[in-house]
Amino acid sequence: MADVTALTFLALCLPLAGALAAPFTIRVFGANGAWLLAIAPLLAFLHFVRFVPLIARGEVVAGGYVWVPSYNLSFSWFIDGLSLAFALLITGIGTLIVLYAGAYLKGHKDQGRFFSFIFLFMGAMLGIVVSDSFLMFFIFWELTSITSFLLIGFDHEREAARRAALQALVVTGGGGLFLLAGLLLLWNMSGVTQMSLLIGSGDAVRENPLYFAALILVLGGAFTKSAQFPFHFWLPNAMEAPTPVSVYLHSATMVKAGVYLLMRLNPVMGATPAWEILLPFFGGLTLVVGAALAIGQTDLKLKLAYTTVSSLGLLVLLVGFGSEYAVEAAALYLVAHCLFKGALFMVAGIIDHETGTRDITRLGGLMRAMPLTAIIALAAAFSMAGLPPLFGFLAKEEIYRALAGSDIRALTFTLIAIFGNALMFAVAFAVALNPFLGRPVETPKHPHEAPLLLWLGPAILAVLGLFAAVFSSFTHAALSSPISAAIRQSPVDIDISLAPHLGLPLALSVLTVLSGIGIYWQLARARLLMAVLLRSAGRGPDHGFDLAVSGLVRLAGRITRLIQPGRLEIYVICTFVCVAAILLVPPVVYGELPRLPVWPADVRLHEWVVFLIAAVGLAGVLVARDRLTAIVSLGIQGFAASIIFLLFGAPDLSFTQFMVETLSVVILALVMTRLRLVAADRRPPARRIFHAALALGCGLGFTLLLMRATQTPFNDALTAFFNTYSKSIAHGANVVNVIIVDFRGTDTLGEIAVVAVAGLAILALIRIRAGTERKLAANDPDAIEAEG
């Protein structure tokens, strides 16, 4: 077990190692360095493959390292069928992406930086799917937002790339804050901070009054990350990233993080009316909106991006539908989508790389120049369209098996699935056939077949889609059934294969194919219809995002001008208002006002004299006509307090107070005499009354606080500790000195630093004032303008 834990930790760290090694490797070996860099994700993939037989038997792999035991924080992982499937997809497709990017970005001046970003992104996504701890899960969740920001904005010299990166960060990062609140609520509701333990707390969570609030917060995080309507707009805009990023982002990683979260929490938050209403509704809406928008696009990557939105909506619909077959269909479609969408995105990148354009209206007749790419595209399109003998066919059959029913809910979502799948059928063949059929069209670059590293990845994914369907029993045993078992938390044995399945699901599949053929046949008209509908609908959520951001900036500017007007007086008043509120409101609200003390009867004459001196000093502050007199009178208060400390047996404290008061009076007097201040107090009476009330409020608050503290039973634990250990540990007989110098040495250093910084600031102010006065004397126009 120790060896497995160490190897798993090493496998999780391999993407980080790749990120560190990438710039050096690319600098030395150029584009061929991709072969070396691909070793890191490949080793991680092989490590996780070792767990397949174990997970297939229904076991789990758990491990990790304790981080902060007192807070129950650990770097721990929990690998079941769901985690393992995602880990295999992330590392397996990640290996192909690294090779693909080596050829796609060959000669790019920042290729090393790109590989560092892609490896960091891979590590963050891998951390999400294996993390057991809530804290580690959230950290990796936010890391995917940050690293995707870097990847989407990789071509940062283009404004569109910068905008798309910022938009993705704002939407997914904002959703992450919702998720954080949701995880905290789940922690409060269940009392656990590990996913593995949370899975067994479903009844307690669902019966808790805070369930719906936690569900909304979790859905906020999942919907933004997986681009569910109305947060779908950021995903197509992310196509501003280089194609290798688009492939990885859409096939196996970030956009499926939200789906992974919903699948993981299905045993905990599922099987409730809210879950089975919200997820199918928004999933079905996203399915239709994404597929319809894909029809209206002419850019190959945008068409595929919108179908990714549609596919994510279908997965969310299935996860929330509530039936056993729906979970199995979600597991099958998850795997199928990773394979065919990764292949098709790579094909789109190949076409763009070799022809110089992705516009489907400017492409045609590429079959002769790029026959291998055409075959790969057709195989992936067959899977996306749900045609045999590809794995997508099995997924589509299981989808209709799960949704078909006689009640109105089942009929509604079945029709939605048929419509969405028919649109995706048309898009799949538009991408796979239109660029290759017909007469050759002149393109910006002379087309030719792609080099090995470009077609190797999509070819492997297309072949895997075929093998996964042909050898479906092995695929189900190794991936599909363990995924479903993890989502349902019960044993599952999926048995669907390529053998004909006569019945309603097959009939619905035939209807989908016929509808898809009809839409593809009238694709130009369908595209025109979508353009008309979009114009009539007006500006959508993408424009709304721009309005929200600009409004936020304006609001921030107004708030800043309101609370930071540049006047020191306002800052000081706000500070003292907060102090007074903190000191006075809680005692009044919670009934913690102190008892009025009884004036002691044994006050001696010299003590009365000290109190009288303090009162005279206070009166001097109030009636002083100039600031220097007020400063000296204020110092009398401190000296009186020092005498009281001395009389009551605290000579060290008294000496410290004497020194502080002396320095304060000297420094304040120095500053006041060097600054050119208005001698007269020109405040109107109302402001003087307000300032006086505020000062009295702060003074009263501190008085009540000290009185309440002195009326609390004294705890002498610290006194005993310092008396016991000051001599033996710090080797000092003076307990006060030992506390200040040794036990509170860092605190004392901080206090000294604060005084030093304050002194430097005062010196700077004096020098600025002196310099300004010299310029005023010389009639410097800049100084006159600044002073005025």
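Our subject is the structure that appears above.
Residues numbered from 1 in each chain as written. Predicted model: local features only at pLDDT ≥ 70, side-chain atom pairs only at ≥ 80, totals over all residues. Heavy atoms only, no water.

Engineer: Tell me about the overall build of the chain, and please be specific about residues and values.
Structural biologist: Counting secondary structure elements, the chain contains 34 helices and two strands. For the chain, the C-alpha radius of gyration of 35 Å lies well beyond 28 Å, the compact-globule estimate for 788 residues. Overall, the chain is about 110 × 65 × 55 Å in size when its C-alpha atoms are taken along their principal axes. A burial count over the chain gives 47% of its 788 residues as buried. (Helix = DSSP H or I, 4+ residues; strand = E, 2+ residues; numbered from the N terminus. Rg over C-alpha atoms; globule rule 2.2 N^0.38 Å. Buried < 20%, exposed > 50% of the residue type's maximum accessible area, 1.4 Å probe, protein only.)

Engineer: Which residues make up helix 19 (residues 391–403), and what values go with them?
Structural biologist: Helix length check: helix 19, at 13 residues, gives a terminal C-alpha distance of 19 Å against a target of 18 Å (1.5 Å per residue), a fit within 8%. Among the 13 residues that make up helix 19, 12 are buried, leaving the element largely enclosed by the rest of the structure. Among the residues of helix 19, Phe391, Gly392, Phe393, Leu394, Ala395, Lys396, Glu397, Glu398, Ile399, Tyr400, Ala402 and Leu403 are the ones counted as buried. (Expected span 1.5 Å × (residues − 1).)

Engineer: Can you tell me about the pattern of salt bridges, naming the residues and giving the values?
Structural biologist: The final tally for this structure, using the stated rule, is 15 salt bridges. The salt bridge partner of Asp299 is Arg358, with a shortest N-O separation of 3.1 Å. Pair noted here: Asp299 is in the loop between helix 15 (273–295) and helix 16 (300–321) and Arg358 is in the loop between helix 17 (324–355) and helix 18 (371–385), with a separation of 59 residues, a long-range link. Through salt bridges with shared partners, a single network forms among Lys109, Asp110 and Arg113. (Salt bridge = Lys/Arg side-chain N within 4 Å of Asp/Glu carboxyl O.)

Engineer: How would you explain the side chain of Lys341 if you had to name every residue and give the values?
Structural biologist: Note on placement: Lys341 falls in helix 17. We note that Lys341 is buried and unpaired, the nearest opposite charge coming from Asp299 at a distance of 13 Å. A polar contact of 3.1 Å, which involves the side chain of Lys341, links it to the side chain of Thr307. Only 3.0 Å separates the side chain of Lys341 from the side chain of Thr308, close enough to count as a polar contact. Those residues within four positions of Lys341 in sequence are excluded, and the remaining contacts are His250, Leu304, Thr307, Thr308, Ser311 and Met384. (Lys, Arg positive; Asp, Glu negative; His and termini not counted. Polar contact = N/O pair within 3.5 Å; in protein donor to acceptor, adjacent residues only side chain to side chain. Contact = heavy atoms within 4.5 Å.)

Engineer: Explain the environment of Lys301 to me, and be specific about the residues and the numbers.
Structural biologist: Relative to the assigned elements, Lys301 resides in helix 16. Along the primary structure Lys301 and Val347 are separated by 46 residues, whereas in three dimensions their C-alpha atoms are 9.7 Å apart. Excluding residues that lie within four positions of it along the chain, Lys301 makes contacts with Met239, Ala241, Pro242, Thr243, Ser246, Phe345, Ala348 and Arg358.

Engineer: Account for the environment of Gly516, with residues named and values stated.
Structural biologist: When you line up the elements, Gly516 lands in helix 23 (residues 504–521). Residues Gly516 and Pro267 lie 249 residues apart in sequence; the distance between their C-alpha atoms is 35 Å. Filtering out sequence-adjacent residues up to four positions away, Gly516 remains in contact with Ala422, Phe425 and Ala426.

Engineer: Break down the nonpolar core for me, with residues and values.
Structural biologist: The nonpolar side chains of soluble globular proteins are, as a tendency, buried together. The biggest cluster of nonpolar side chains holds 200 residues, and the ones touching the most others in it are Phe48, Leu186, Trp234 and Met269. For this core, the leading source of residues is helix 17, giving 21 residues. Apart from the residues lying within four places of it in its own chain, the contact partners of Trp234 are Gln167, Ala168, Val171, Thr172, Thr224, Lys225, Ala227, Leu249, Met254 and Val255. (Core = buried A, V, L, I, M, F, W, Y, C linked by side-chain atoms within 4.5 Å.)

Engineer: So what's going on with the packing of helix 31 (residues 717–728) against helix 32 (residues 735–743)? Which residues, and what values?
Structural biologist: Where helix 31 meets helix 32, the closest approach of the two axes is 10 Å, and the angle between their N-to-C directions is 80°. Considered as vectors, helix 31 and helix 32 are oriented roughly perpendicular to each other. Packed against helix 31, whose contacting residues are Phe721, Phe722, Asn723, Tyr725 and Ser726, the element helix 32 presents Val735, Val738, Ile739 and Phe743 at the interface. In terms of residue class, the contact of helix 31 with helix 32 is made up of seven nonpolar, two polar and no charged. (Axes fitted to C-alpha atoms, helices over the stretch in contact; angles between N-to-C directions. Parallel < 35°, antiparallel > 145°, perpendicular 65-115°, else oblique. Nonpolar A, V, L, I, M, F, W, Y, C, P; charged D, E, K, R; others polar.)

Engineer: I'd like to hear about the side chain of Gln194, residue by residue, with values.
Structural biologist: Along the chain, Gln194 turns up in the loop between helix 8 (159–190) and helix 9 (195–198). Overall, Gln194 belongs to the buried group, its relative accessible area being 10%. Looking at Gln194, its side chain comes within polar contact range of the side chain of Thr193, at 3.0 Å.

Engineer: Please provide a residue-by-residue account of a nonpolar patch on the surface, values included.
Structural biologist: On the surface, a nonpolar cluster with roughly 740 Å² of combined accessible area is contributed by Phe24, Val28, Phe29, Leu36, Ile39, Leu42, Leu43 and Leu46. Per-element tally for the nonpolar patch: the top contributor is helix 3 (residues 39–49), with four residues. Along the polypeptide, Phe24 turns up in helix 1 (residues 2–29). (Patch = residues over 30% accessible without salt bridge, like charges linked within 9 Å, V, L, I, M, F, W, Y side chains within 5 Å. Areas by Shrake-Rupley, 256 points an atom, 1.4 Å probe, with all protein chains shown as cover.)

Engineer: I'd like a description of the environment of His446, backed by residues and values.
Structural biologist: Note that His446 resides in the loop between helix 20 (408–433) and helix 21 (452–470). Overall, His446 belongs to the exposed group, its relative accessible area being 68%. The sequence separation of His446 and Leu466 amounts to 20 residues, and the corresponding C-alpha distance is 32 Å.

Engineer: Provide a residue-level description of unusual backbone geometry, including the pertinent values.
Structural biologist: Residue Phe229 is joined to Pro230 through a cis peptide bond whose omega torsion reads 10°. Here Pro230 shows up in the loop between helix 11 (211–225) and helix 12 (234–237). Cis geometry marks the peptide bond from Pro388 to Pro389, where omega comes out at 5°. Within the secondary structure, Pro389 sits in the loop between helix 18 and helix 19. Even without a glycine there, the phi angle at Ala271 is positive, about 60°. Of note, Ala271 is situated in the loop between helix 14 (257–269) and helix 15. Exposure remark for Ala271: the relative accessible area of 63% places this residue in the exposed category. Phi is positive for Gln489, close to 60°, though the residue is something other than glycine. Structurally, Gln489 can be placed in the loop between helix 22 (472–488) and helix 23. Take Gln489: its relative accessible area is 42%, and that puts it in the partly exposed class.

Engineer: I'd like a rundown of the pairing of strand 2 (residues 73–79), residues and numbers included.
Structural biologist: Burial of strand 2 is extensive: five of the seven residues sit out of reach of the surface. Sheet analysis places strand 1 (residues 61–68) next to strand 2, joined by seven bridges and oriented antiparallel. What sits directly across from Tyr65, in strand 2, is Phe75. (Pairing = 2+ DSSP bridges.)

Engineer: With reference to specific residues and values, describe the packing of aromatic side chains.
Structural biologist: Across all of its chains, the model carries 26 aromatic pairs by this definition. A ring pair is formed by Phe721 and Phe722, whose centres lie 5.5 Å apart and whose planes are at 70°; its orientation type is edge-to-face. Aromatic ring contacts, followed pair by pair, group Phe9, Tyr65, Phe75, Trp77 and Phe140 into a single cluster. The ring of Phe321 has Arg409 lying over it, and the distance from NZ or CZ to the ring centre is 4.4 Å. (Phe/Tyr/Trp six-rings, centres within 6.5 Å; stacked < 30°, edge-to-face > 60°. Lys NZ or Arg CZ within 6 Å of the ring centre and 35° of its normal.)

Engineer: Go over the state of the cysteines with me, naming the residues and quoting the values.
Structural biologist: Following the criterion strictly, the structure yields zero disulfides and no others. With no disulfide of its own, Cys698 has Cys578 as its nearest cysteine by sulfur position, at a separation of 9.8 Å. (Disulfide = S-S within 2.5 Å.)

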